[in-house]
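Here's the letter readout for the chains.
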Amino acid sequence: MSDELEKRLDTGMYGTPRINPDEQRKYLGTFRERCYLSMTVAEMKKKDNQETLQSVLPNYQGALILINGKLSESLQTTFISLVTKQQLDFRIVTDAQTADPESIGLLIVANEAVNEKVIDIEEKYPKTASTEETGKEKKPFWERFFR
């Protein structure tokens, strides 16, 4: 009886115990196994990643988008508009979050475990090499020799 009474008192004083609280804190209140896609705060500021997210959002109909509530309002507004254009549900999470560049800023999650191996947007959807990234346009044969 005393163990049961002690558990009840602890629950009343401290709230219900959480499973893996550090993992839940890192992944905006959910578990890693429920994540489809993640973006850090630094990745959210890159225009290429915003365009990639916009192109892949239709693949995640029925998923929930979690946005870090500690982000700047302009960044939050940008991503909220992307999500609402696709008519997806989103939630802004402010519980024990930070806006450090390496902390998670956006997550696409499911209600149950999906166990995706790669969830980082830059790893899951790598950029293709364009002419700008490879060193501009190709020069004619003679211009390569005579500068």
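Look a little higher up for the structure.
Fair warning: this is a prediction, and the values are worked out from it, not measured in the lab.

**Some words on helix H4 (residues 47–56)**
Reasoning step 1: Along H4, the positions that sit buried rather than exposed are Asn49, Gln50, Thr52, Leu53 and Val56. Around the axis of H4, the buried residues are gathered within 160 degrees of arc, so they sit on the same side. In H4, the exposed positions that point more than 90 degrees away from the buried face belong to Lys47 and Ser55.
Reasoning step 2: Elements that come into contact with the buried residues of H4 comprise strand S1 (35–40), helix H3 (41–44), helix H5 (73–85), strand S4 (104–109) and helix H6 (121–124).

**Focus on the pattern of salt bridges**
Reasoning step 1: Under the criterion given, the structure shown has three salt bridges.
Reasoning step 2: With a shortest N-O distance of 2.7 Å, Arg25 and Asp22 are connected by a salt bridge. One end of the pair is Arg25 and the other is Asp22, both in helix H2 (residues 21–26) and three residues apart, which spans about a single turn.
Reasoning step 3: According to the relative accessible area criterion, Asp22 is exposed, its value standing at 56%.
Reasoning step 4: In this structure, the salt-bridge partner of Glu116 is Lys124, at a minimum N-O distance of 3.0 Å.

**Some remarks on the nonpolar core**
Nonpolar side chains in soluble globular proteins tend to end up buried together.
Reasoning step 1: Leu53, Leu57, Ile65, Phe79, Leu106 and Ile108 are the most contacted members of the largest nonpolar core, which totals 20 residues.
Reasoning step 2: Elements that contribute at least two residues to this core include exactly S1, H3, H4, strand S2 (64–68), H5 and S4.
Reasoning step 3: The greatest single-element share of this core, amounting to four residues, is contributed by H5.
Reasoning step 4: Setting aside its immediate chain neighbours within four residues, Leu57 contacts Ile65, Leu82, Val83, Gln86, Leu88 and Ile108.
Reasoning step 5: Formed by ten residues, the second largest nonpolar core is a distinct cluster that contains Cys35, Leu66, Ile104 and Ile119.

**Re the side chain of Glu43**
Reasoning step 1: You can see Glu43 is positioned in helix H3.
Reasoning step 2: Buried and without a salt bridge, Glu43 has Lys46 as its closest oppositely charged side chain, separated by 6.2 Å.
Reasoning step 3: Looking at Glu43, its side chain comes within polar contact range of the main-chain nitrogen of Thr40, at 3.0 Å.
Reasoning step 4: In contact with Glu43, other than residues within four places in its own chain, are Ser38, Asn49, Asp120, Ile121 and Glu122.

**Things to note about the sheet that holds S4**
Reasoning step 1: Read across the sheet, four strands follow the order S1-S4-S2-S3 without closing on themselves; strand pairing throughout is mixed. Every interior strand has two partners, whereas the edge strands, S1 and strand S3 (89–93), have only one. Neighbouring strand axes in the sheet, compared pairwise and without regard to direction, differ in orientation by 15 degrees on average.
Reasoning step 2: Inspection of the sheet shows S1 paired to S4 by five bridges, in the antiparallel sense. Looking at the pairing, Leu37 lines up with Ile108 of S4.
Reasoning step 3: Packing against the sheet, H4 makes contact with S1 and S4, and its axis sits at approximately 160 degrees to S1.
Reasoning step 4: Its contacts with the sheet put H5 on S1, S2, S3 and S4, and the angle it makes with S3 is roughly 160 degrees.

**Brief notes about the pairing of S4**
Each regular strand carries side chains that alternate between the two faces of the sheet.
Reasoning step 1: Summarising burial for S4: six of the six residues are buried, a large majority.
Reasoning step 2: Relative to S4, S2 runs antiparallel, the two sharing four bridges. Its bridge partner lying in S4, Ile65 is registered against Ile108.

What counts and how
- In this convention, every chain numbers its residues from 1, walking through the sequence in written order.
- Whole-chain, interface and lining totals are the exception, using all residues; otherwise, since this is a predicted model, local features are given only for residues with pLDDT of at least 70 and side-chain atom pairs are given and counted only at 80 or more.
- With hydrogens and water excluded, all non-hydrogen atoms of the structure serve as input to the side-chain values.
- Only protein chains enter the accessibility calculation, which uses a 1.4 Å probe. A residue is then buried if its area is under 20% of the maximum for its type, exposed if over 50%, and partly exposed in between.
- Only DSSP runs of H or I with at least four residues qualify as helices, and only runs of E with at least two residues qualify as strands; both kinds are numbered from the N terminus onward.
- Working definition: the arc comes from the directions between the helix axis and the C-beta atoms, pointing outward to the latter.
- Any two residues whose heavy atoms approach within 4.5 Å are treated as being in contact.
- A pair is scored as a salt bridge if a Lys or Arg side-chain nitrogen falls within 4 Å of a carboxyl oxygen belonging to Asp or Glu.
- Nonpolar cores were defined as sets of buried Ala, Val, Leu, Ile, Met, Phe, Trp, Tyr and Cys residues, with membership established by side-chain atoms within 4.5 Å.
- Working convention for charge: Lys and Arg count positive, Asp and Glu count negative, and His plus the chain ends are omitted.
- Here a polar contact is taken to be a pair of N or O atoms separated by no more than 3.5 Å, where protein atoms must pair a possible hydrogen donor with a possible acceptor and residues adjacent in sequence count only if both atoms sit in side chains.
- Strands are treated as partners if at least two bridges between them are detected by DSSP.
- To obtain an axis, a line is fitted to C-alpha atoms, over the contacting stretch when the element is a helix, and the angle between two such axes runs from 0 to 180 degrees between their N-to-C directions.

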